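# A structural walkthrough
Each chain is listed here by its residues.
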Amino acid sequence: MNIVFLGPPGAGKGTQAKILIEKYGIPQISTGDMLREHRAKGTELGKKAQEYMDKGQLVPDEIILGMVKERLSQADCAKGFILDGFPRTVAQAEALDKILSEMGKKLDFALALVVPDELLVERLTGRRTCKSCGMMYHVKYKPPKVEGKCDACGGELYQRPDDNEETVRNRLKVYHESTAPLIDYYNKKGILKEIDGSKSIDEITKQLIQILEGK
Ligand code: AP5
Ligand code: ZN
């Protein structure tokens, strides 16, 4: 099952991807998480990406595409994968089609989570993420049992530097300009499914499973 998650920042792509990878035993490939790992390790790639990420701008394709191609060629992607946060432009989507066709693969589903902008600002400014395992929480919608600590691993929760209101608004602008055209791109390919992402986390998961299992 080869899946792409679409949707604006804060739509719940990462939250749902983490639930589905457990259920289906396929990896989540989040370009945002990969870039943040590079930053944490202080690699050259991470240093280059930092200035774009902190302003809410897209990191250049030459950095992203090499990273994704290498990841997709790893053995754990043989049974399928969930791409989260990639592609983000039509150029990236075309490059992905080419990478997959060279591997004799194709996408099965493009799942788009639809959420109004105002809700996204609230979701992102209230998001907290576990430093150790990457699990996402929300101060109002998904609070941890113990404040500041991850339920899953006890790790410390932190706020992403790009989750302040100013950067969030810029990320939304970039989304509408550069990423939203992908909805049309995948619709024309006949693999697009749109889901109301303003519902509860559980309701959205149910709908996604129904779509993936063809019910
Ligand atoms: P990235 O890490 O991909 O961030 P994003 O796309 O902005 O998406 P988010 O992770 O913010 O949102 P999400 O949809 O996963 O939401 P989540 O599930 O956490 O990218 C960061 C930066 O990296 C970019 O700005 C760019 O610079 C760079 N980058 C990455 N990929 C790139 C690429 N391909 N090309 C170029 N540059 C790239 O949910 C958000 C919050 O809401 C959480 O607190 C969660 O608990 C809560 N929540 C989730 N679902 C619900 C619900 N149904 N109801 C209530 N609350 C909910
Ligand atoms: Zn954790």
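Everything numeric here is computed off the predicted structure, so don't read it as measured data. (Residues numbered from 1 in each chain as written. Chains lettered and ligands numbered in written order. Predicted model: local features only at pLDDT ≥ 70, side-chain atom pairs only at ≥ 80, totals over all residues.)

### Observations regarding the nonpolar core
Residues Phe 5, Leu 6, Ile 82, Leu 83 and Leu 111 are the most contacted members of the largest nonpolar core, which totals 29 residues. Contributions of two or more residues to this core are made by β1 (2-6), α1 (13-24), α4 (61-72), β3 (81-84), β4 (109-114), α6 (117-125), α8 (181-188) and α9 (201-212). Leave out the neighbours within four places in its chain, and Ile 82 touches Ile 3, Phe 5, Ala 17, Leu 20, Ile 21, Ile 26, Gln 28 and Ile 29. (Core = buried A, V, L, I, M, F, W, Y, C linked by C-beta atoms within 7 Å. Buried ≥ 20, exposed ≤ 12 C-beta atoms within 10 Å, placed from the backbone. Helix = DSSP H or I, 4+ residues; strand = E, 2+ residues; numbered from the N terminus. Contact = placed C-beta atoms within 7 Å.)

### Topic: the packing of α4 against helix α5 (residues 90-102)
Between α4 and α5, whose axes approach to 11 Å, the crossing angle comes to 30°. Put simply, α4 runs roughly parallel to α5. Pair α4 / α5 crosses with right-handed handedness. Here α4 contributes Asp 61, Ile 64, Leu 65, Lys 69 and Leu 72 to the contact with α5, which in turn contributes Ala 91, Gln 92, Ala 95 and Ile 99. When the residues that make up the contact of α4 with α5 are grouped by side-chain class, the tally is six nonpolar, one polar and two charged. (Axes fitted to C-alpha atoms, helices over the stretch in contact; angles between N-to-C directions. Parallel < 35°, antiparallel > 145°, perpendicular 65-115°, else oblique. Left-handed = near helix turned anticlockwise from the far one by under 90°. Nonpolar A, V, L, I, M, F, W, Y, C, P; charged D, E, K, R; others polar.)

### Examining the UniProt feature "binding site: Zn(2+)" (unreviewed entry) in the protein chain
With numbering matched to this structure, UniProt assigns "binding site: Zn(2+)" (unreviewed entry) to Cys 130, Cys 133, Cys 150 and Cys 153. A compact arrangement is adopted by the annotated residues: their sequence extent is 24 residues, whereas the largest C-alpha distance between any two is 8.5 Å. Setting aside residues up to four positions removed in sequence, Cys 133 forms contacts with Cys 150, Ala 152, Cys 153 and Gly 155. By the element assignment, Cys 153 lies in the loop between β6 (136-138) and β7 (157-158). Residue contacts for Cys 153: discarding those within four places in its chain leaves Cys 130, Ser 132 and Cys 133. (UniProt positions renumbered as here; feature names shortened; annotations may be inferred.)

### Considerations on the site of ligand 1
Contacts to ligand 1 come from 35 residues, most closely from Pro 9, Gly 12, Gly 14, Gly 32 and Gly 85. Among the elements of the structure, α1, α2 (31-41), α3 (44-55), α6, β6 and α9 are those that each provide at least two residues to the shell around ligand 1. For the shell around ligand 1, the two domains that each supply at least three residues are domain 1 (2-115 + 165-212) and domain 2 (127-162). (Near = placed C-beta within 6 Å. Domains from an automatic or database assignment.)

### Concerning the environment of Asp 54
Tracing the backbone shows Asp 54 in helix α3. Residue classification places Asp 54 among the partly exposed positions, given that 13 C-beta atoms sit within 10 Å. Residues Asp 54 and Gly 42, spaced 12 residues apart in sequence, show a C-alpha to C-alpha distance of 15 Å. Apart from the residues lying within four places of it in its own chain, the contact partners of Asp 54 are Pro 161 and Asp 162.

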